[in-house]
Every structure is written in C-alpha cells, then in structure tokens.
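# Summary of the model geometry
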Amino acid sequence: MLHCIFCMQRLSGIGYCFSASLPPLLASAAMAALKIMQEHPEMFDELREKAEFLQKKLVVVDGLHVTGDTQSPIVHLRLKKSSGSRRGDEALLQQIVDKAFVDDVALTCAQYLHDEMNLPPASIRLSVCVSHSEDDLERAAEVICEAARTVLKPQSE
C-alpha cells in the first residue's frame, strides 16, 4: 500500500512542485524587459516627464481632482464633489470612461474589493507609457476634459 502512495505522489506531485513559479514565457518576457531597462535607463526620465506633462493637462478638468505623485505614471482622477454614495460616484466615473472610449481613449475605473476596511474614494485610473507621444497625451487630456464636462455638467446645474 505504501508503495502505491509513493508512486501516486511521484506521478502527480511533479505538477505541484513548482506551481508557484513563473511560467517560462513570462520569465523570458521579464528578462527581456529588464534588459531593455538596463540598456535604456533614460526611459525613466522620459516617463517621469510625460507623467508630469499629463498631470498638468488634467489639473484643469472641471469636476475631477488629480491624485498621486506628479512623477508617477499611474494617475487617479476622483470626483471633486461626491454624488453622496460610492455607487453613484462609480457610475458617474464609468460614464466618463465610456465617453472617452468612444473617442478612442482607454481608461478604467479603479477596482477594489468592497469588503476592504478602508476603501479609497472611487476613481478613474490611467497610466502613462514611455511610448505615448505628447500629442497622444494632449489628446487624451482633451477627451477626458470633454467627457467630464458632458457627464458632470447636468449634475452641477
């Protein structure tokens, strides 16, 4: 009987031995990304400049507040004035995301587990990539501004 258990463990256990390891394809992609970052360290300065550029453009968006470090490529846009409920805020922000998508600007509402103790306020999350041009960022800011104006204007009237 003991021999059967050993054989079964030997055959089925192999798949579980390294189950927490990174799949080979992802490991290769991570190694390639690290190599690119080592060969082009200037890309981080360029990314910070682009993040600052976008945040300066987004500060003027009526009804939305830009949060986060100015040098971070991750930007959160929150409502300046809450609708009174988290669901209401999320719905308004989703409308802005949907309007921007129609104009070919991809945004997303930040997602959290609703049973967390201290949920941050609802927000739109966007990220800046080093491959974005200033024209891309300028256009994205214009689209977000117009979408926010359209969605939030009825709320303020």
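The notes below deal with the structure included here. (Residues numbered from 1 in each chain as written. Predicted model: local features only at pLDDT ≥ 70, side-chain atom pairs only at ≥ 80, totals over all residues. Heavy atoms only, no water.)

A separate point is helix α4 (residues 86-102). Relative to the 24 Å expected for 17 residues at 1.5 Å per residue, α4 spans 25 Å between its end C-alpha atoms, a close match to the ideal helical length. Within α4, the full set of buried residues consists of Asp89, Leu92, Leu93, Ile96, Val97 and Ala100. On an axial view of α4, the arc spanned by its buried residues comes to 140°, and they lie on one face. Summarising the geometry of α4, the exposed residues directed more than 90 degrees from the buried face are Arg87, Phe101 and Val102. After α4 finishes, the residue Asp104 shows a positive phi value of roughly 65°. (Helix = DSSP H or I, 4+ residues; strand = E, 2+ residues; numbered from the N terminus. Expected span 1.5 Å × (residues − 1). Buried < 20%, exposed > 50% of the residue type's maximum accessible area, 1.4 Å probe, protein only. Arc of directions from axis to C-beta.)

Glancing now at the side chain of Arg78. Looking at the secondary structure, you find Arg78 in strand β2 (residues 74-79). Comment: no salt bridge for buried Arg78; closest opposite-charge side chain is Asp89, at 9.1 Å. Within the structure, Arg78 has its side chain in polar contact with the side chain of Thr67 (distance 3.2 Å). Not counting residues up to four positions away in its chain, the partners in contact with Arg78 are Gly63, Leu64, His65, Thr67, Tyr112, Pro120, Pro121, Ala122 and Ser123. (Lys, Arg positive; Asp, Glu negative; His and termini not counted. Salt bridge = Lys/Arg side-chain N within 4 Å of Asp/Glu carboxyl O. Polar contact = N/O pair within 3.5 Å; in protein donor to acceptor, adjacent residues only side chain to side chain. Contact = heavy atoms within 4.5 Å.)

To continue, consider a negative patch on the surface. Together, Glu49, Glu134, Asp135 and Asp136 give the surface a local cluster of negative charge. Element by element, the count of residues in the negative patch is highest for helix α5 (residues 134-156), at 3 residues. Here Glu134 is to be found in helix α5. (Patch = residues over 30% accessible without salt bridge, like charges linked within 9 Å, V, L, I, M, F, W, Y side chains within 5 Å. Areas by Shrake-Rupley, 256 points an atom, 1.4 Å probe, with all protein chains shown as cover. Charge placed at Lys NZ, Arg CZ, Asp CG, Glu CD.)

Before going further, it helps to examine the pairing of strand β4 (residues 124-127). Going residue by residue along β4, you find Ile124 and Leu126 tucked away on one face and Arg125 and Ser127 left uncovered on the opposite face. Taken together, the 4 bridges between β2 and β4 define a ladder with antiparallel strand orientation. Along β4, the bridge assignment pairs Leu77 with Ile124. Judged from the 2 bridges that link them, strand β3 (residues 108-109) and β4 form a sheet pairing that is antiparallel. Across the sheet, Cys109 pairs through a bridge with Ile124, a residue of β4. (Pairing = 2+ DSSP bridges.)

Turning our eyes to something else, we now look at the pattern of salt bridges. Taken as a whole and assessed by the stated rule, the structure comprises 5 salt bridges. Of the charged contacts in the structure, one is a salt bridge between Glu90 and Arg86, with a shortest N-O distance of 3.1 Å. You can see Glu90 and its partner Arg86 sitting in helix α4, 4 residues apart, about one turn around the helix. A relative accessible area of 23% means that Arg86 is categorised as partly exposed. Close ionic contact of Arg149 with Glu146 constitutes a salt bridge, the shortest N to O distance being 2.5 Å. Within this pair, Arg149 and its partner Glu146 are both found in helix α5, separated by 3 residues, close to a single helical turn.

Across the sheet, which stays open at both edges, the 4 strands sit in the order β1-β2-β4-β3 with antiparallel pairing between neighbours. The open sheet has two edge strands, β1 (64-67) and β3, and neither has a second partner. Note that β1 and β2 share 4 bridges and pair antiparallel. Opposite Val66, over in β2, you have Leu77 as the bridge partner. Against the sheet, helix α3 (residues 42-58) engages β1, β2 and β4, with an angle of about 15° to β2. (Axes fitted to C-alpha atoms, helices over the stretch in contact; angles between N-to-C directions.)

With that settled, consider a nonpolar patch on the surface. A cluster of nonpolar side chains, contributed by Leu34, Met37 and Phe44, occupies part of the molecular surface with about 250 Å² of accessible area. Note that Phe44 resides in helix α3. According to the relative accessible area criterion, Phe44 is partly exposed, its value standing at 34%.

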